[in-house]
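Residue-level listing of the chains:
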Amino acid sequence: MTQIGLLLIVVGLAPTGGAAYAPGLITWAVMPSGAAVATLTTDTTEHDIYASLAVTGAFDGEVRERIASGLPVTFSYYLEVARRRTLWFDKILVHKTVTTTVAYDTLTRQYSLTRRVNDEVTETAVAVDEAEMMRWMTRLNRVRLADPAALEGVEDGSLYVRVKSRFQRRFILYFIPWEVETGWEKVRLNLSRGGTGRGR
């Protein structure tokens with residue numbers, strides 16, 4: 001995602017005559033520069049379809065400051081298996097939400113990490129290095145999506161996996177929520193055993 005700035009001017013509240021910037025009245029909400037799903041791959045076994053991905057550009061100064069202060073930060077990943085349909089909306093066949101959460105202990109200087117799939121805790125870890133924490137937060141390895149047998153009979157070539165990421169919620173004018181997220185990244189799904197798919 002390219003860097004985007006959104007300027008909101010509230011009529012009647014904007015400073016005039018060269019007045020100084022008034023916090024909370026005119027606010028720039030800036031997306032993390034270059035935030036995007038950098039890689040997306042799939043692989044299929046006899047009984048499982050997996051997706052793996054990596055995101056770049058998720059950690060801007062505001063996110064890192066929040067983590068350093070001890071406040072928890074959660075990244076959300078939305079993974080879907082969908083079928084293309086001619087002259088109609090694509091049909092979502094599988095949807096999973098994966099979240100990665102970090103909480104920094106300012107006393108021990110350790111990062112507590114938690115991963116959930118559809119709100120169920122699937123993995124926990126502890127990191128002492130910021131770079132290790134950032135990798136853990138922005139990389140998902142082989143998330144199980146479905147059993148290939150459940151998708152049999154679907155026209156070959158019409159299936160794909162897509163994913164987008166949501167990094168945080170900011171507030172414009174202190175009360176208007178603004179979600180920071182990537183666009184969708186897609187890759188064709190190969191249901192044959194040993195089949196793989198690769199996006200970027």
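Notes on the structure in this doc start here. All of these numbers come straight from a predicted model, not from anything done at the bench.

**So, the overall build of the protein chain**
Argument step 1. A tally of helices and strands in the protein chain yields two helices and 13 strands.
Argument step 2. In the protein chain, which comprises 200 residues, the share counted as buried stands at 40%.
Argument step 3. Expressed as a percentage of contacts within the protein chain between residues at least 6 apart in sequence, the contacts between residues at least 24 apart total 58%.

**Remarks on the pairing of strand S5 (residues 73-83)**
Argument step 1. Within S5, nine of the eleven residues are buried, leaving the element largely enclosed by the surrounding structure.
Argument step 2. Of the pairings in the sheet, the one linking S5 to strand S6 (residues 91-105) comprises eleven bridges and is antiparallel in character. Considered in S6, the bridge of Leu79 is made with Lys96.

**A closer look at the environment of Ala54**
Argument step 1. Structurally, the position occupied by Ala54 is in strand S4 (residues 49-56).
Argument step 2. Expressed as a C-alpha distance, the spacing of Ala54 and Met137, which sit 83 residues apart in the sequence, is 9.3 Å.
Argument step 3. What Ala54 contacts, discounting residues up to four positions off in sequence, is Ala36, Val37, Ala38, Thr39, Thr138 and Arg139.

**Let's talk about the nonpolar core**
Argument step 1. With 39 residues, the main nonpolar core has Ile67, Phe75, Leu79 and Met133 as its most contacted residues.
Argument step 2. Residues in contact with Phe75, not counting those within four places in the same chain, are Ala58, Phe59, Val63, Val98, Thr99, Thr100, Met137, Thr138, Arg166 and Phe167.

**Re the pattern of salt bridges**
Argument step 1. If you walk through the whole model with that rule in mind, you get seven salt bridges.
Argument step 2. Its salt-bridge partner being Glu123, residue Arg115 comes within 2.8 Å of it at the nearest N-O pair.
Argument step 3. Since its relative accessible area comes to 11%, Arg115 is described here as buried.
Argument step 4. Given the relative accessible area of 35%, Glu123 is considered partly exposed.
Argument step 5. Here Arg166 and Glu181 are joined by a salt bridge, their closest N and O atoms 2.9 Å apart.

**Observations concerning the packing of aromatic side chains**
Argument step 1. The final tally for this structure, using the stated rule, is four aromatic pairs.
Argument step 2. Look at Phe75 and Phe167: their rings are 5.5 Å apart centre to centre, the planes differ by 75 degrees, and that puts the pair in the edge-to-face class. Highlighted residues: Phe75 in strand S5 and Phe167 in strand S10 (residues 159-172), separated in sequence by 92 residues. Neither Phe75 nor Phe167 differs from the other in exposure class; each is buried.
Argument step 3. Ring plane angle 35 degrees and centroid distance 4.6 Å describe the contact between Tyr104 and Tyr111, whose orientation is recorded as tilted.
Argument step 4. One aromatic cluster in this structure is built from Phe59, Phe75 and Phe167.
Argument step 5. Residue placement shows Arg115 over the ring face of Trp136; its charged tip is 4.0 Å from the ring centre.
Argument step 6. Stacked on the ring of Trp184, the Lys or Arg Arg162 has its end atom at 3.9 Å from the ring centre.

**Structural notes on the side chain of Thr44**
Argument step 1. Examined against the element boundaries, Thr44 turns out to sit in strand S3 (residues 36-44).
Argument step 2. In this structure Thr44 comes out as buried when scored by relative accessible area, which is 3%.

**Regarding helix H2 (residues 130-138)**
Argument step 1. Every buried residue belonging to H2 is among Met133, Trp136, Met137 and Thr138, and all of these are buried.
Argument step 2. The backbone nitrogen of Ala131 lies 3.0 Å from a side-chain oxygen of the residue at the head of H2, namely Asp129.

Here is what the cut-offs are and how they apply
- Throughout, a residue's number is its position along its own chain's written sequence, starting from 1.
- The model is predicted, so local features are restricted to residues of pLDDT at least 70 and side-chain atom pairs to those at 80 or more, both for listing and for counting; the totals for chains, interfaces and linings are taken over all residues.
- Values reported for side chains reflect all heavy atoms of the structure, with hydrogen atoms and water molecules removed beforehand.
- Helix and strand labels come from DSSP, where a helix needs a run of H or I of at least four residues and a strand needs a run of E of at least two; each type is numbered from the N terminus.
- The cut-offs for exposure are 20% and 50% of the maximum accessible area for each residue type, with area from a 1.4 Å probe on protein chains only; residues under the lower value are buried, those over the upper are exposed, and the others partly exposed.
- Contact criterion: two residues are considered in contact whenever any of their non-hydrogen atoms come within 4.5 Å of each other.
- Here, any two strands with at least 2 DSSP bridges between them count as paired.
- In these notes, a set of buried Ala, Val, Leu, Ile, Met, Phe, Trp, Tyr and Cys residues joined through side-chain atoms within 4.5 Å is what counts as a nonpolar core.
- The working definition used for a salt bridge is a side-chain nitrogen of Lys or Arg within 4 Å of a carboxyl oxygen of Asp or Glu.
- Stacked, tilted and edge-to-face pairs are distinguished by plane angle, under 30 degrees for stacked and over 60 for edge-to-face with tilted covering the rest, among Phe, Tyr and Trp rings (Trp via its six-membered ring) whose centres lie within 6.5 Å.
- The criterion for a charge sitting over a ring is simple: Lys NZ or Arg CZ within 6 Å of the ring centre, and within 35 degrees of the ring normal.
- N or O atoms within 3.5 Å of each other form a polar contact, as long as, within protein, one can give a hydrogen and the other can take it, and as long as residues adjacent in sequence are counted only when both atoms are side-chain atoms.

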